[in-house]
Amino acid sequence: MNIQLNGRPVLTAARTLAELLREQQIDAACVATAYNGTFVPKSRYDSQQLEEGCQLEVLSPMQGG
């Protein structure tokens, strides 16, 4: 299916957010995610289904001052 990941098109076989993160080699423990603009808690990564054309933002926290 075709999705948007951080603003870029991605073709994926993943069906859930957790599968997508593994497929893209993204450490789920170190990121925050939004699905179509809505925050997804880590506890829902395994159950969050992906849909054709969905928009995902995956962000790593940054330290600064």
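Sequence order sets the numbering: in each chain, residues are counted from 1 along the sequence as written. Where local features are concerned, this predicted model is filtered to residues with pLDDT of at least 70; where side-chain atom pairs are given and counted, the filter is 80 or more; whole-chain, interface and lining totals use all residues. Derived side-chain values reflect all non-hydrogen atoms in the structure, with water molecules and hydrogen atoms excluded from consideration.

Caption draft 1: Representation of the overall build of the protein chain. Comment: elements are numbered from the N terminus, with helices defined as DSSP H or I runs of at least four residues and strands as E runs of at least two. Looking only at helices and strands, one finds one helix and five strands in the protein chain. Counting from the amino terminus, helix and strand elements in the protein chain follow one another as β-β-α-β-β-β. We compute the radius of gyration over the C-alpha atoms and compare it with the globule rule, which gives 2.2 Å times the number of residues raised to the power 0.38. Taking 11 Å as the expected radius of gyration for a compact globule of 65 residues, we find that the protein chain reaches 11 Å, a close match to that expectation. Based on the C-alpha atoms only, the size of the protein chain along its principal axes is roughly 40 × 25 × 20 Å. Note on definitions: a residue-residue contact is assigned when non-hydrogen atoms from the two residues lie within 4.5 Å. Long-range pairs, those at least 24 residues apart, make up 51% of the contacts in the protein chain with a sequence separation of at least 6. We get accessible surface area from the Shrake-Rupley algorithm with a probe of 1.4 Å; when it comes to residues, only the shown protein chains can shield them. Counting every atom, the protein chain has about 4,300 Å² of accessible surface; 51% of that belongs to carbon and sulfur. Charge centroids of the protein chain, computed over 5 positive and 7 negative side chains, lie 3 Å from each other. We count Lys and Arg on the positive side and Asp and Glu on the negative side, and we leave His and both chain ends out. Charge positions are represented by NZ for Lys, CZ for Arg, CG for Asp and CD for Glu.

Caption draft 2: The arrangement of the side chain of T33 in detail. For T33, the position within the fold is in strand 3 (residues 32–35). You can call T33 buried: its relative accessible area is 2%. Nitrogen and oxygen atoms within 3.5 Å of one another constitute a polar contact, given that in protein one can donate a hydrogen and the other can accept it, and given that sequence-neighbouring residues count only through two side-chain atoms. Within the local environment of T33, its side chain forms a polar contact with the side chain of Y45, the two groups lying 3.4 Å apart. When neighbours within four sequence positions are excluded, T33 is seen to be in contact with L17, T38, F39, V40, Y45, E57 and V58. Partly exposed residues are those whose accessible area sits between 20% and 50% of the maximum for their type, while under 20% is buried and over 50% is exposed, using a 1.4 Å probe and protein chains only.

Caption draft 3: Local environment of the environment of V40. With respect to the helices, strands and loops of the structure, V40 is situated in strand 4 (residues 38–40). Considering only alpha carbons, one finds V40 and E23, 17 residues apart in sequence, at a separation of 18 Å. Apart from the residues lying within four places of it in its own chain, the contact partners of V40 are L17, T33, A34, Y35, Y45 and Q48.

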